[in-house]
Amino acid sequence: MIALEQDGKVTFQGSWTRRFQEMTGLLGNKQPPLPHSTSSGTLRAVEYVKPLLLAYQREGAESGALDGDVWKITVAASDLPLDQAKAQALAEIASTRYAVETGGVIVADKFYGTDRDSQSAIARASGTVSWKCAGTVTRDIEQPDGSTVQTVSVGAARFADSDMDAVKTAVFAHVAACYDREAELMAAINAAGSVSALREIDLTAGWATVPTKN
């Protein structure tokens with residue numbers, strides 16, 4: 001990207017094209033090393049500075065200024081309209097709720113799937129049943145601050161005698177907790193009066209624990 005700058009203002013910006021060549025009297029020439037002075041102004045390289053976008057923001061207006069030998073364009077961050085931001089937040093928590101809901105549960109040191117088919121099958125089961133599940137192990141997961149936390153990890157699948165009534169209770173509680181948390185967050189999102197207030201809501205906290213698979 002090249003800019004033709006004159007007296008601190010850009011009169012033309014683009015790639016090295018015939019239009020640039022005509023404007024600068026460099027018709028038929030290769031692009032010169034930048035910066036390059038011409039009778040129509042100075043050809044300068046263009047540098048874009050893009051913002052670090054927060055949640056519910058997009059790139060907005062651009063402003064340019066001469067910075068040394070480069071024409072620097074700074075892109076501002078702009079909040080989404082509140083209704084769009086809320087729609088984005090609601091879609092995010094719906095996706096999280098589904099991922100957690102179907103992420104499985106640990107009952108008596110065994111992992112049971114909670115995808116929709118598994119939920120339906122478990123709801124129909126009763127008593128002690130030889131059920132496909134997985135053994136589990138606990139391992140230490142290092143956190144960004146260097147500390148560790150014990151995390152349940154799912155081992156290889158196998159069939160084992162399972163108390164399906166206990167499993168059913170655990171699955172019901174797990175799914176209910178997911179929808180309860182989604183309802184809480186939906187209420188908070190809908191009550192937010194500004195995008196800034198919406199950003200204060202932690203959409204990642206308070207969800208049920210999902211076992212980590214190996």
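Residues numbered from 1 in each chain as written. Predicted model: local features only at pLDDT ≥ 70, side-chain atom pairs only at ≥ 80, totals over all residues. Heavy atoms only, no water.

**What to know about the environment of Val-49**
As for its position among the elements, Val-49 is in strand β4 (residues 41–49). With relative accessibility at 31%, the residue Val-49 sits in the partly exposed group. Separated by 117 residues in the primary sequence, Val-49 and Ala-166 have C-alpha atoms spaced 57 Å apart. (Helix = DSSP H or I, 4+ residues; strand = E, 2+ residues; numbered from the N terminus. Buried < 20%, exposed > 50% of the residue type's maximum accessible area, 1.4 Å probe, protein only.)

**Things to note about the pattern of salt bridges**
If you walk through the whole model with that rule in mind, you get 9 salt bridges. Between Arg-44 and Glu-5 there is a salt bridge whose closest N-O contact spans 2.6 Å. Taken together, the positions of Arg-44 in strand β4 and Glu-5 in strand β1 (residues 2–6) put the pair 39 residues apart, joining distant regions of the chain. With respect to class, Arg-44 is no different from Glu-5; both count as buried. One salt bridge in this structure joins Glu-184 and Arg-181, with 3.0 Å as the shortest N-O distance. Residue Glu-184 and its partner Arg-181 are both found in helix α4 (residues 164–191); the two are separated by 3 residues, about one turn of the helix. According to the relative accessible area criterion, Glu-184 is partly exposed, its value standing at 49%. Residue classification places Arg-181 among the buried residues on the basis of a relative accessible area of 16%. Here the residues in one salt-bridge network are Arg-97, Glu-101, Arg-116 and Glu-182, joined through shared partners. (Salt bridge = Lys/Arg side-chain N within 4 Å of Asp/Glu carboxyl O.)

**Some points on the packing of aromatic side chains**
Under the definition given, this model contains 2 aromatic pairs. Ring geometry for Phe-12 against Phe-20: centres 4.9 Å apart, planes inclined by 85°, an arrangement best described as edge-to-face. On the basis of relative accessible area, Phe-12 is assigned to the partly exposed category, the value being 21%. Aromatic pair Trp-16 and Phe-20: ring centres 6.1 Å apart, planes at 15°, arrangement stacked. Taking relative accessible area as the criterion, Phe-20 reaches 0% and is therefore assigned buried. Taken together, the ring pairs connect Phe-12, Trp-16 and Phe-20 into an aromatic cluster. (Phe/Tyr/Trp six-rings, centres within 6.5 Å; stacked < 30°, edge-to-face > 60°.)

**What to know about the pairing of strand β9 (residues 128–142)**
The pairing of strand β8 (residues 110–112) with β9 spans 2 bridges and is antiparallel. Residue pairing for β9: Lys-110 is matched across the bridge by Gly-135. Note that β9 and strand β10 (residues 148–163) share 14 bridges and pair antiparallel. Its bridge partner lying in β10, Thr-128 is registered against Asp-163. Between β9 and β10, which pair antiparallel one after the other, the connecting turn spans 5 residues, and Gly-146 there sits at a positive phi close to 95°. (Pairing = 2+ DSSP bridges.)

**A few points about unusual backbone geometry**
Following Leu-34, the chain continues to Pro-35 via a peptide bond in cis, the omega torsion being 0°. Tracing the chain through its elements places Pro-35 in the loop between α1 (18–24) and β3 (36–38). Positioned with a positive phi, Asp-7 is a non-glycine residue whose angle comes to about 55°. Relative to the assigned elements, Asp-7 resides in the loop between β1 and β2 (9–14). Positive phi is not limited to glycine here, since Tyr-56 has a value of about 65°. Tracing the chain through its elements places Tyr-56 in the loop between β4 and β5 (57–67). Tyr-56 sits in the buried class, given a relative accessible area of 5%.

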